[in-house]
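The chain contents come next:
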Amino acid sequence: MSKTLIKDSVPAFLAKLWKLLNDTETDNIIHWSKDGTTFVVKDQGKFSADILPKYFKHGNFASFVRQLNMYGFHKVFNAERGGLNGRDYWEFSNNNFQRDYPDKLDMVKRKVSKYNCSI
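Quick notes on the rules
- Residues numbered from 1 in each chain as written.
- Predicted model: local features only at pLDDT ≥ 70, side-chain atom pairs only at ≥ 80, totals over all residues.
- Heavy atoms only, no water.
- Axes fitted to C-alpha atoms, helices over the stretch in contact; angles between N-to-C directions.
- Helix = DSSP H or I, 4+ residues; strand = E, 2+ residues; numbered from the N terminus.
- Parallel < 35°, antiparallel > 145°, perpendicular 65-115°, else oblique.
- Left-handed = near helix turned anticlockwise from the far one by under 90°.
- Contact = heavy atoms within 4.5 Å.
- Nonpolar A, V, L, I, M, F, W, Y, C, P; charged D, E, K, R; others polar.
- UniProt positions renumbered as here; feature names shortened; annotations may be inferred.

### Looking at the packing of helix 1 (residues 12-21) against helix 2 (residues 44-56)
Okay, so step 1: Packing of helix 1 against helix 2 leaves a shortest axis separation of 10 Å and a crossing angle of 125°. Comparing their axes, helix 2 and helix 1 come out oblique. Crossing of helix 1 against helix 2: the hand is right-handed. Residue-level inspection shows Phe-13, Lys-16, Leu-17, Lys-19 and Leu-20 of helix 1 in contact with helix 2, the latter providing Phe-47, Ile-51, Tyr-55 and Phe-56.
Okay, so step 2: Here the residues of the contact of helix 1 with helix 2 are counted per class, giving seven nonpolar, no polar and two charged.

Structure below.
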């Protein structure tokens, strides 16, 4: 596991995700892509049942994906991985969330809702 220190300014969700992705014990379910610019959830069922409750205190994959979207992550559509071959792969990307650039983590910002305004 990476011993990289994460700044206190990094939101807990991102810090937990970073820690999870750098835990080699979970590589059979979730891992960085070869080039480290994306990450892959290999088995949504196992991820929801075994990993999410350990790191995020819930087992709801849709909630996890919603959080990713709120932080600007996008699903990567890859013909070799996605539903085309019947596999349960989900790949996500954010330009400021990359394996070899932990210093960019504090650049990943949560989107602000246009409906979340004070009067």
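### Section: the UniProt feature "domain: HSF-type DNA-binding" (unreviewed entry) in the protein chain
Okay, so step 1: The positions that UniProt labels "domain: HSF-type DNA-binding" (unreviewed entry) are, in the present scheme, residues 52-76.
Okay, so step 2: Along residues 52-76, the helical share is 60% and the strand share 12%, with 21 Å between the first and last C-alpha atoms.

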